[in-house]
2 protein chains.
Amino acid sequence: MTVELISVGTEILLGNIVNTNAAYLAEKCAGLGLSCYFQSVVGDNEERLTMVLQSAVERSDVVILSGGLGPTEDDLTKEVAAKVCGRSLCMDDKSKERIAEFFASRDIEPTENNWKQAQIPEGAIVLDNDNGTAPGVIIEDERAKVILLPGPPNELMPMFEDKVVPYLERLAPGVIVSQTVKICGVGESKAETVVKDLIDEQTNPTIATYAKTGEVHIRVTASAEGHKEARKLIKPVVKELKNRFGNDIYSTEEDTTLEKAVVDLLLANDLTFACAESCTGGLLAARLINVPGVSDVFKAGFVTYSNKAKRKSLGVKKSTLQKHGAVSKETAAEMTKGTAFVTKADVTVSVTGIAGPDGGTPDKPVGLVYIGCNVKGDVTVKKYQFNGNRAKVREAAVAAALSLMRGCVLEYFSKVTFGKK
Amino acid sequence: MTVELISVGTEILLGNIVNTNAAYLAEKCAGLGLSCYFQSVVGDNEERLTMVLQSAVERSDVVILSGGLGPTEDDLTKEVAAKVCGRSLCMDDKSKERIAEFFASRDIEPTENNWKQAQIPEGAIVLDNDNGTAPGVIIEDERAKVILLPGPPNELMPMFEDKVVPYLERLAPGVIVSQTVKICGVGESKAETVVKDLIDEQTNPTIATYAKTGEVHIRVTASAEGHKEARKLIKPVVKELKNRFGNDIYSTEEDTTLEKAVVDLLLANDLTFACAESCTGGLLAARLINVPGVSDVFKAGFVTYSNKAKRKSLGVKKSTLQKHGAVSKETAAEMTKGTAFVTKADVTVSVTGIAGPDGGTPDKPVGLVYIGCNVKGDVTVKKYQFNGNRAKVREAAVAAALSLMRGCVLEYFSKVTFGKK
């Protein structure tokens, strides 16, 4: 079964934003066993959108459009899709009610154009939007299933996950099952080298690697008659990957992020956590706090961007800062020890580095980051050199901090197990 | 003059990589005054690539293809382009020589298929590649100029900049200039209503609204013979938008984010800042710290997710937490006052709320957030009700905190100016 993606939006045509929705949808569709042969981007223009959608419904089984479902006059994806599929638009009472509730809960008066979002092509399936006002739509045209999703990623992603995936799974003959082996602390080219022979040999299941910041995901995808048969094909491959990557695999579960794996590890070992951040400035705490239930382990976080805050909140010595600088192994060590002293947390992590664009020197260039981790008195400090702009360096540092913390906790317990503690 | 982008590559179709080349080329082309109405992605497949390229040369003046110029059999962009334009491929001696030099300088023996890269469509313009082996190509077909660029960004970008830009500048008459008016604290539909008459009336410049989390951007785009003329068309429209939105506009600069505007406001008024976060868990600090130079204003941040941390780090009273709960007006007020007391910062912000998915009650549902702001002793606390999942509630709370903080600082100084302080 083939799928085609159409992104609607002037911002993409003008290059104001990168088309991350298309990458997300393409990856998800590949995981579902759909073959994506075409992706297009077109603006909010009736004639051109009609032209693109017309060819898409002729040549693909499923067409997914994203964007252009807003309340403004510019937004005409739904109108064009209805026309191409020969349907009229009717007011959907349930959607209207949901939109009214959305505004009432925020104590805002909806304007007249908000009701445009409640209009649905005749006979279409409505996909409720739990994160915004624009409902999604599936039009079951005889040529293709035409699926309309809102453009904002935080509306599109949960809607696709919760409502479109089950729909597509019912359409496909036989099943496609994927399992993702998630690895941290190993670079993409190294991971690729390790699995190259498997990628070359395998046809069912297929094996593909995806690089994420500080992580590599290896997706194993099998097609079979039933779920049971597909899982049987996947199992030995995942086992082989576990042999090759060992402890670097943090999860084989779809929903488990690196931060969730770390929180689960802390919970399982009854450990509390605290952190002190300089260049990452709260990002590490924020990523961990995105895990529901983190309150059982998270004691406190400190954003100590200035030297004064490092001294005052964490007790880093003035002499250490003067002698070695704020970005040094010594400061990172004192930060993590200070955090443990102040919070009494079992595991503490510190991050200090030069995120740029300024502040770099030949000795300490932009991208240099020290990360300290303390597990019940065992202190490790690692030096990293990241590439990219300020945001990229900070993101990479957060991923490295999570990997390091995970590694240190695992090592601590392996020592305990082997009687070294 | 219109331009169309075709990205050739299976990695993009599978969602393995995000199509950053298209964003780069689109932005560059917009800056050159070319109108981009279509972008496509297609794999290394002769039939499908032919189909896409055929429509492109029929409907656009310039077609830029990227990717598929490699040495392997899979790579067939040049072969397809030559065929669509009715040209044969001939060996280009200069390109062959450059490829030989490229390998010699790296002490590598070229393989037979490397010479495929030196084959150029008859009569085409060759674009030397200073960073790789695949030369770029311009075929001046009578329907469209067809430009072929290598896929790797570090080859594509300098080739486009150095060789394609001068070529396109000679072709294009006139320029396109945009300016963005950035608004915070106003919903998209409301903003749209305020400018509806302008959107309807204007054709040059055009006016379009873009919704961001907690913000609306209004883009004013003019086409004219020169930059000066374009700016002259934009100026009165931006002035009118300033009249209508007043203080809700935080910037009209392309590079200025809301967090940068807030940091600039603090810097301009010589104010220091600190924050205490519960549900946002470091995200507010992280967003502010993404602004280079923030160290001059940022004193400290506290992630006080637990009640204990709120008491210990900020001195929130046990009785307040017991009587009103952690998510309350009273706790938000004590958090922001406590942060000011501990850090001596001029401006402090506190965020406490229920991000979900658990923890909501009928009285205090998921999405309820209190934000406190203290400007030199003037304390404001506002109640918000956000919708969406955990990540969306937290993101919306951060945007609201930045807006509130900006509003409180502006109000404080307007009172000072009017002699009320």
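Residues numbered from 1 in each chain as written. Chains lettered and ligands numbered in written order. Predicted model: local features only at pLDDT ≥ 70, side-chain atom pairs only at ≥ 80, totals over all residues. Heavy atoms only, no water.

1. Digging into a positive patch on the surface
Here is step 1: Judged by side-chain charge, K308(A), R311(A), K312(A), K318(A) and K344(B) come together as a positively charged surface patch.
Here is step 2: Here the positive patch gets three residues from one element, more than from any other, and that element is helix α11 (residues 307–314) of chain A.
Here is step 3: For K308(A), the position within the fold is in helix α11.
Here is step 4: With relative accessibility at 54%, the residue K308(A) sits in the exposed group. (Patch = residues over 30% accessible without salt bridge, like charges linked within 9 Å, V, L, I, M, F, W, Y side chains within 5 Å. Areas by Shrake-Rupley, 256 points an atom, 1.4 Å probe, with all protein chains shown as cover. Salt bridge = Lys/Arg side-chain N within 4 Å of Asp/Glu carboxyl O. Lys, Arg positive; Asp, Glu negative; His and termini not counted. Charge placed at Lys NZ, Arg CZ, Asp CG, Glu CD. Helix = DSSP H or I, 4+ residues; strand = E, 2+ residues; numbered from the N terminus. Buried < 20%, exposed > 50% of the residue type's maximum accessible area, 1.4 Å probe, protein only.)

2. Considerations on helix α4 (residues 77–84) of chain B
Here is step 1: Summarising burial for α4(B): six of the eight residues are buried, a large majority.
Here is step 2: Residues T77(B), K78(B), V80(B), A81(B), A82(B) and V84(B) constitute the buried set of α4(B).

3. Topic: the sheet that holds strand β12 (residues 249–251) of chain A
All names here are of chain A.
Here is step 1: Strands sit in the order β10-β11-β9-β12 across an open sheet of four strands; the sheet is antiparallel. Each having just a single partner strand, β10 (206–212) and β12 make up the two edges of the open sheet. Adjacent strand axes in the sheet meet at a mean angle of 30 degrees, parallel and antiparallel pairs treated alike.
Here is step 2: When β10 meets strand β11 (residues 215–224), the two strands line up antiparallel, connected through seven bridges. Note that in β11 the partner of I207 across the bridge is V220.
Here is step 3: Across the sheet, helix α8 (residues 227–245) lies against β9 (175–184), β10, β11 and β12, angled at about 150 degrees from β11, the strand it touches most. (Pairing = 2+ DSSP bridges. Axes fitted to C-alpha atoms, helices over the stretch in contact; angles between N-to-C directions. Contact = heavy atoms within 4.5 Å.)

4. Remarks on the interface of chain B and chain A
Here is step 1: Between chain B and chain A, the contact holds 74 residues from the first and 74 residues from the second.
Here is step 2: Each partner contributes to the roughly 5,700 Å² buried at the junction of chain B and chain A, and carbon and sulfur atoms together form 54% of this total.
Here is step 3: Linking chain B with chain A are three salt bridges.
Here is step 4: Note that K196(B) is salt-bridged to E73(A), the shortest N-O span being 2.9 Å.
Here is step 5: Where chain B packs against chain A, one counts 24 residue pairs in polar contact (both at pLDDT 80 or more).
Here is step 6: Taken together, the residues of the side of chain B that touches chain A break down into 35 nonpolar, 24 polar and 15 charged.
Here is step 7: In this structure, strand β14 (residues 298–303) of chain A lies alongside strand β14 (residues 298–303) of chain B, joined through three bridges in antiparallel fashion. When the sheet's bridge partners are listed, F302(A) is paired in β14(B) with F302(B). (Buried area = accessible area lost by both parts, 1.4 Å probe. Polar contact = N/O pair within 3.5 Å; in protein donor to acceptor, adjacent residues only side chain to side chain. Nonpolar A, V, L, I, M, F, W, Y, C, P; charged D, E, K, R; others polar.)

5. Observations regarding the packing of helix α9 (residues 258–268) of chain A against helix α14 (residues 390–417) of chain A
When two helices pack together, you describe them by how their axes are tilted relative to each other and by the distance separating the axes.
Residue and element names in this part refer to chain A.
Here is step 1: At a closest axis distance of 10 Å, the pairing of α9 and α14 adopts a crossing angle of 30 degrees. Overall, the two elements α9 and α14 adopt an arrangement that is roughly parallel. Relative to α14, the crossing made by α9 is left-handed. For the pair formed by α9 and α14, the contact residues are L258, E259, V262, L265 and L266 on the first element and A399, L402, S403, M405, R406, V409 and L410 on the second.
Here is step 2: Taken together, the residues that form the contact of α9 with α14 break down as nine nonpolar, one polar and two charged. (Parallel < 35°, antiparallel > 145°, perpendicular 65-115°, else oblique. Left-handed = near helix turned anticlockwise from the far one by under 90°.)

6. Some remarks on the sheet that holds strand β2 (residues 35–42) of chain B
Here is step 1: Read across the open sheet, the twelve strands follow the order β6(A)-β7(A)-β8(A)-β3(A)-β1(A)-β2(A)-β2(B)-β1(B)-β3(B)-β8(B)-β7(B)-β6(B); overall the sheet is mixed. Taken across any chain shown, the strands that pair with only one partner, and hence form the sheet edges, are β6 (125–127) of chain A together with β6 (125–127) of chain B. Across the sheet, the mean angle separating the axes of adjacent strands is 15 degrees when strand polarity is ignored.
Here is step 2: Across five bridges, the pairing between strand β2 (residues 35–42) of chain A and β2(B) is antiparallel. Looking at the pairing, S40(A) lines up with S40(B) of β2(B).
Here is step 3: In the packing of helix α3 (residues 46–59) of chain B onto the sheet, contacts are made with β2 of chain A together with β1 (2–8), β2, β3 (62–66) and β8 (145–149) of chain B, and the angle to β1(B) comes to roughly 170 degrees.

7. Comments concerning the environment of R406(B)
All names here are of chain B.
Here is step 1: In this fold, R406 is placed in helix α14 (residues 390–417).
Here is step 2: Taking the C-alpha atoms as reference points, R406 and L265, 141 residues apart in sequence, are found 7.7 Å from one another.
Here is step 3: In this structure, R406 is in contact with C184, N247, D248, I249, Y250, L258, V262 and L265, ignoring residues within four places of it in sequence.
Here is step 4: Here the side chain of R406 touches I249 through a polar contact of 2.9 Å, landing on its backbone oxygen.

8. Points about the packing of aromatic side chains
Here the distance between the centres and the angle between the planes together describe a pair of aromatic rings.
Here is step 1: Taken as a whole and judged by the stated rule, the model has 13 aromatic pairs over all chains.
Here is step 2: Arranged with centres 5.3 Å apart and planes meeting at 80 degrees, the rings of Y412(A) and F413(A) form a pair that is edge-to-face.
Here is step 3: Here Y412(A) falls in the buried class, since its relative accessible area comes to 11%.
Here is step 4: Its relative accessible area of 24% is what places F413(A) among the partly exposed residues.
Here is step 5: Here Y384(B) and F386(B) contribute two aromatic rings whose centre-to-centre distance is 5.5 Å and whose plane-to-plane angle is 10 degrees, an arrangement assigned as stacked.
Here is step 6: Relative accessible area serves as the criterion here: at 16%, Y384(B) is assigned to the buried category.
Here is step 7: Through a chain of ring-to-ring contacts, three or more aromatic side chains come together here, namely F273(A), F298(A) and Y305(B).
Here is step 8: We note R59(A) situated over the ring of F38(A); from NZ or CZ to the ring centre the distance is 3.7 Å. (Phe/Tyr/Trp six-rings, centres within 6.5 Å; stacked < 30°, edge-to-face > 60°. Lys NZ or Arg CZ within 6 Å of the ring centre and 35° of its normal.)

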